[in-house]
Amino acid sequence: MSQPDASAHHPHPDMLGALDADAHAEQMPHRSMLFIPGSNAAMLSTAYIYGADAIMFDLEDGVALREKDSARLLVMQTLRSGLYDGVETVVRINPLDTPFGRPDLEAAVRAGADVIRLPKTQTASDITELDAAVEEIERACGREVGSTRLMAAIESAAGVVNAVAIATASPRLVSIALAGFDYVIDMRTTRGDGSELFYARCAVLHAARVAGIAAYDVVFSDVDDEAGFLAEVETIRRLGFDGKSLVNPRQIDLLHNAYAPTQDELDHARLVVQAAERAAEDGLGVVSLGGKMIDAPIIEAARRTLRYAASSGVRRESGGVTTSVRTRASAGPGAPTSSSRPEGVRP
């Protein structure tokens, strides 16, 4: 099956596009996606306070078989409650070839989930099948066709090898996530210093850039290992990942601060954008700053820095190590307080 041309719906910006602020306001930073077990009513009712960019309600591995139906109802009611208005909501359904997949999908789409996350995505046909099923449900329930977006979770060698085909399989697909737990099992290895994930990270990230969509890295499950978490975040930030899947609210502020620009980076970005705007106002075809020409990718990078600053502020540092002392709100009922991930969640 031939794949759609990614450039048709994710064009690389030309110079004029880079000078147009509205052309690049389509996607605020996708730094954090917090996993919430769909069977945990207390967490469902409070997770919106933590300030994650996206909340992922899990109906798959984080829910025991005997709780699948009740968790689906809980998530559906939570989505309809209005608690998460203004927060991107993601529902991880069970695979469509299981008895729970289609009921999960029906409930999530009808309840208004922003994004459906498909676990164990291995081929482009997995996404096209999901796309068709979502459209069928949208038409049946009166939801605007195309309003439900998709996320592919890559959890196997096959998924990594097919990452580009998966990432470009549907215009609904807005992000692709690497899930490390099943991937390392499939590769007959274990989580270690990150070298076991290097190829998969690069493959998934390149696929995301080909398609013009966001890329999420794997979870870091040891909540008490702050230094290890920050080291891994620095690695994936430098690789180019948009953000990371999380299993505990304590990691949110650490992640957001690590992705925030330094004051010097922010100051330079402002100068670049101001120079681009002046050139546009003067009708100039060339943008320069300090005697150097500035091209479209540099302008877009500066705009991206401003978007991260708008979301994260300026990076706080202490002794060269990023630190975090602030959260959106204090922990509410049901919030995890130990080093473990939320009960039942397997990323």
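Residues numbered from 1 in each chain as written. Predicted model: local features only at pLDDT ≥ 70, side-chain atom pairs only at ≥ 80, totals over all residues. Heavy atoms only, no water.

Right, let's get into the overall build of the protein chain. Along its length, the protein chain carries 14 helices and 12 strands. Within the protein chain, buried positions represent 50% of all 347 residues. The contacts of the protein chain with a sequence gap of at least 6 include a subset with a gap of at least 24, amounting to 73%. (Helix = DSSP H or I, 4+ residues; strand = E, 2+ residues; numbered from the N terminus. Buried < 20%, exposed > 50% of the residue type's maximum accessible area, 1.4 Å probe, protein only. Contact = heavy atoms within 4.5 Å.)

What follows deals with the packing of helix 13 (residues 263-281) against helix 14 (residues 296-312). Close contact between helix 13 and helix 14 brings their axes to 8 Å; oriented N to C, the two are set at 125°. As the angle between them shows, helix 13 and helix 14 are arranged oblique. Here the hand of the crossing between helix 13 and helix 14 comes out left-handed. Residues E265, L266, A269, R270, V272, V273, A276 and E277 of helix 13 touch helix 14, and the partners they reach there are I298, I299, A302, R303, T305, L306 and A309. Across the contact of helix 13 with helix 14, the residue classes tally to 10 nonpolar, one polar and four charged. (Axes fitted to C-alpha atoms, helices over the stretch in contact; angles between N-to-C directions. Parallel < 35°, antiparallel > 145°, perpendicular 65-115°, else oblique. Left-handed = near helix turned anticlockwise from the far one by under 90°. Nonpolar A, V, L, I, M, F, W, Y, C, P; charged D, E, K, R; others polar.)

Take the pattern of salt bridges next. Close approach of charged atoms allows side chains with opposite charge to pair. In the structure shown here, the tally under the stated rule is 29 salt bridges. The residue K120 makes a salt bridge to E60 at a minimum N-O spacing of 2.4 Å. You can see K120 sitting in the loop between strand 4 (115-118) and helix 6 (124-141) and its partner E60 sitting in the loop between strand 2 (54-58) and helix 4 (68-80), a full 60 residues away along the chain. Taking relative accessible area as the criterion, E60 reaches 3% and is therefore assigned buried. With a shortest N-O distance of 3.1 Å, E232 and R191 are connected by a salt bridge. Residue E232 is found in helix 11 (residues 226-239), and its partner R191 is found in the loop between helix 9 (180-186) and helix 10 (198-211); the two are separated by 41 residues along the sequence. We classify E232 as buried; its relative accessible area is 10%. The network of salt bridges with common partners includes D58, E60, D61, R92, K120, E155 and D182. (Salt bridge = Lys/Arg side-chain N within 4 Å of Asp/Glu carboxyl O.)

Turning our eyes to something else, we now look at the environment of M33. Structurally, M33 is set in strand 1 (residues 32-37). A sequence separation of 212 residues divides M33 from S245, and the C-alpha atoms of the two residues are 4.8 Å apart. Residues contacting M33, with those up to four places away along its chain left out, are A54, M56, V90, R117, M151, Y216, K244, S245 and L246.

Taking strand neighbours around the barrel as the criterion, the eight strands line up as 1-2-3-4-5-6-7-8 in a closed arrangement whose pairing is parallel. On average, each strand axis in the sheet is tilted by 25° relative to the strand beside it, whichever way the strands run. The strands that helix 10 touches are strand 5 (149-154), strand 6 (173-178), strand 7 (214-217) and strand 8 (243-246); relative to strand 6, the one it contacts most, it runs at about 175°. (Pairing = 2+ DSSP bridges.)

Regions with low pLDDT carry predicted coordinates that are not meant to be interpreted in detail. Within the protein chain, residue pLDDT values average 85, and 83% of them lie at 70 or more. Within the model, the stretch residues 1-26 combines pLDDT values under 50 with 36 contacts to residues more than four positions away or in other chains. The low-confidence segment residues 319-345 (pLDDT under 50) makes 64 contacts with residues lying over four places distant or belonging to another chain. (pLDDT = per-residue confidence, 0-100.)

In terms of residue burial, helix 12 (residues 250-259) counts as a mostly covered element, since nine of its 10 residues are buried. Turning to helix 12, its buried residues number three or more, namely Q251, I252, D253, L254, L255, H256, N257, A258 and Y259.

Turning next to the side chain of T78. Mapped onto the fold, T78 is located in helix 4. With a relative accessible area of 9%, T78 lands in the buried category. Those residues within four positions of T78 in sequence are excluded, and the remaining contacts are L44, F57 and Y84.

Turning our eyes to something else, we now look at helix 13. Structurally, the α-helix is built with 3.6 residues per turn, so residues lying three or four positions apart point the same way. For helix 13, with 19 residues, the first-to-last C-alpha span of 27 Å sits near the 27 Å given by 1.5 Å per residue. For helix 13, the set of buried residues is L266, A269, V272, V273, A275, A276 and A279. In the segment just after helix 13, G283 is the residue with positive phi, at about 70°. (Expected span 1.5 Å × (residues − 1).)

Per the counting criterion, the structure on display carries four aromatic pairs. The interplanar angle of 25° and the centroid separation of 5.9 Å between the aromatic rings of Y259 and Y308 together place this pair among those described as stacked. Here the residue Y259 occupies a position in helix 12, and Y308 occupies one in helix 14, the gap between them amounting to 49 residues. Cluster of aromatic residues (ring-pair linked, three or more members): Y48, F57 and Y84. Its guanidinium or amino end placed over the ring of F100, K68 lies 5.8 Å from that ring's centre, counting from NZ or CZ. (Phe/Tyr/Trp six-rings, centres within 6.5 Å; stacked < 30°, edge-to-face > 60°. Lys NZ or Arg CZ within 6 Å of the ring centre and 35° of its normal.)

A word on unusual backbone geometry. Located in the positive-phi region is K120, a residue other than glycine, with phi close to 55°. Take K120: its relative accessible area is 33%, and that puts it in the partly exposed class. For R188, which is not a glycine, the phi torsion comes out positive at approximately 60°. Assignment of secondary structure puts R188 in the loop between helix 9 and helix 10. When its relative accessible area of 80% is taken as the criterion, R188 is described as exposed.

Quick look at the side chain of D253 now. In this fold, D253 is placed in helix 12. Using a relative accessible area of 8% as the deciding quantity, one classes D253 as buried.

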